[in-house]
Amino acid sequence: MCSANESNGTDSPALSENPSDYGGNLKILDCNDQIKELQTIIRDRNTTRSDFKFYADRLIRLVIEESLNQLPYSDCSVITPTGAIYDGLRYRSGNCGVSIIRSGEAMEQGLRDCCRSIRIGKILVESDAETHVAKVVYARFPDDIARRQVLLMYPIMATGNTVIQAVSVLKDHGVKENSIILSNLFCTPVAAHMVVTAFPDLKILTSELNPVAPNHFGQKYFGTD
């Protein structure tokens, strides 16, 4: 795991940055210099929007590809052009993506680049202006989503409230908790604790566990900052 050396100067709860403390379903990309550089560029306030989007897309692609490794596969055999038999693997049918609007939509192209014909649903979660309680105001899924493996896409998870609402509505539509994989770029320990406590069978794949999330991500990516 890439080390976290950023501080927000607040008295937020002191939660562990060790992924093993959150159970076996929280997975973090193996850290290397390339991933650390991408994380650094995304966090740098001097990064231009064009560079931000380019390098964010690279990190998204890495997270999506590792998320796909969490899906179930089936053994298969194919005949090669030389007539030889090759024993390989194939995705089991019934996968789909769901993006949490709006920042989650930044990850849709990365998923389509890896899975050309995959279906993608959407969830919109908003916070009440007075109570600040998150609630789902829009959801559109494939009709048979209850039988599918779901890649839930949300790049920045600071508190976990939005993801908890999104997972709850997926479960209300019949999706099994252990059939949901959250594809995430940056996650705080507070959010990890909230989500794994609420949904211990949910799988989470992220690139970093850090007390400070780059909450400017959506605005910078879509040019609304």
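Here is a short report on the structure shown in this document.

How each quantity is defined
Within every chain, residues take consecutive numbers counted from 1 along the sequence as written. Only residues with pLDDT of at least 70 are given local features in this predicted model, and only at 80 or more are side-chain atom pairs given and counted; all residues enter the totals for whole chains, interfaces and linings. Side-chain measures here rest on the full set of heavy atoms in the structure, leaving out hydrogens and waters. Pairing between strands is defined by DSSP: at least two bridges between them are needed. A run of H or I in DSSP becomes a helix once it reaches four residues, and a run of E becomes a strand once it reaches two; helices and strands are each numbered from the N terminus. Here an axis means a line fitted to C-alpha atoms, over the contact stretch when the element is a helix, while the angle between two N-to-C directions is reported on a 0 to 180 degree scale. Two residues form a contact once any of their heavy atoms are found within 4.5 Å. Relative accessibility under 20% of the residue-type maximum defines a buried residue, over 50% an exposed one, and the middle range a partly exposed one, all with a 1.4 Å probe and only protein chains included. Within this scheme, the nonpolar core is defined by two criteria: the residues are buried Ala, Val, Leu, Ile, Met, Phe, Trp, Tyr or Cys, and they are joined through side-chain atoms within 4.5 Å.

## Considering the sheet that holds strand 4 (residues 95-101)
Then, number 1: Read across the open sheet, the seven strands follow the order 1-11-9-7-4-5-6; overall the sheet is mixed. Each having just a single partner strand, strand 1 (26-28) and strand 6 (134-140) make up the two edges of the open sheet. Averaged over neighbouring strand pairs, the angle between their axes works out to 25° when direction is ignored.
Then, number 2: With six bridges joining them, strand 4 and strand 5 (residues 119-127) adopt parallel strand pairing. For G97, the partnering residue across the bridge sits in strand 5 and is I120.
Then, number 3: Here helix 2 (residues 49-68) sits on the sheet in contact with strand 7 (149-153), strand 9 (180-183) and strand 11 (203-206), set at roughly 165° to strand 9.

## Let's talk about the sheet that holds strand 8 (residues 156-157)
The strands making up a sheet are joined through hydrogen bonds of the backbone, oriented either antiparallel or parallel.
Then, number 1: Within the open sheet, the three strands sit side by side as 8-10-12. Their pairing is parallel. Looking along the sheet, the strands with just one partner apiece sit at the ends: strand 8 and strand 12 (208-209).
Then, number 2: One ladder, built from two bridges, connects strand 8 with strand 10 (residues 186-187); its direction is parallel. Considered in strand 10, the bridge of M157 is made with C187.

## Side note on the pairing of strand 9
Then, number 1: Neither face of strand 9 is open: one carries I180 and L182, the other I181 and S183, and all of them are buried.
Then, number 2: In terms of strand pairing, strand 7 meets strand 9 through four bridges, oriented parallel. What sits directly across from V150, in strand 9, is I180.

## A few points about the nonpolar core
Then, number 1: Counting residues in hydrophobic clusters, the biggest one holds 33 residues, and the most contacted among them are V98, I123, I145, L152, V163 and L170.
Then, number 2: Aside from chain neighbours lying at most four places away, what touches I123 is V98, S99, I100, I101, V136, Y138, A139, F141, A166, V169 and L170.
Then, number 3: Ranked by size, the runner-up nonpolar core spans 28 residues in total, among them A56, I64, I120 and I156.

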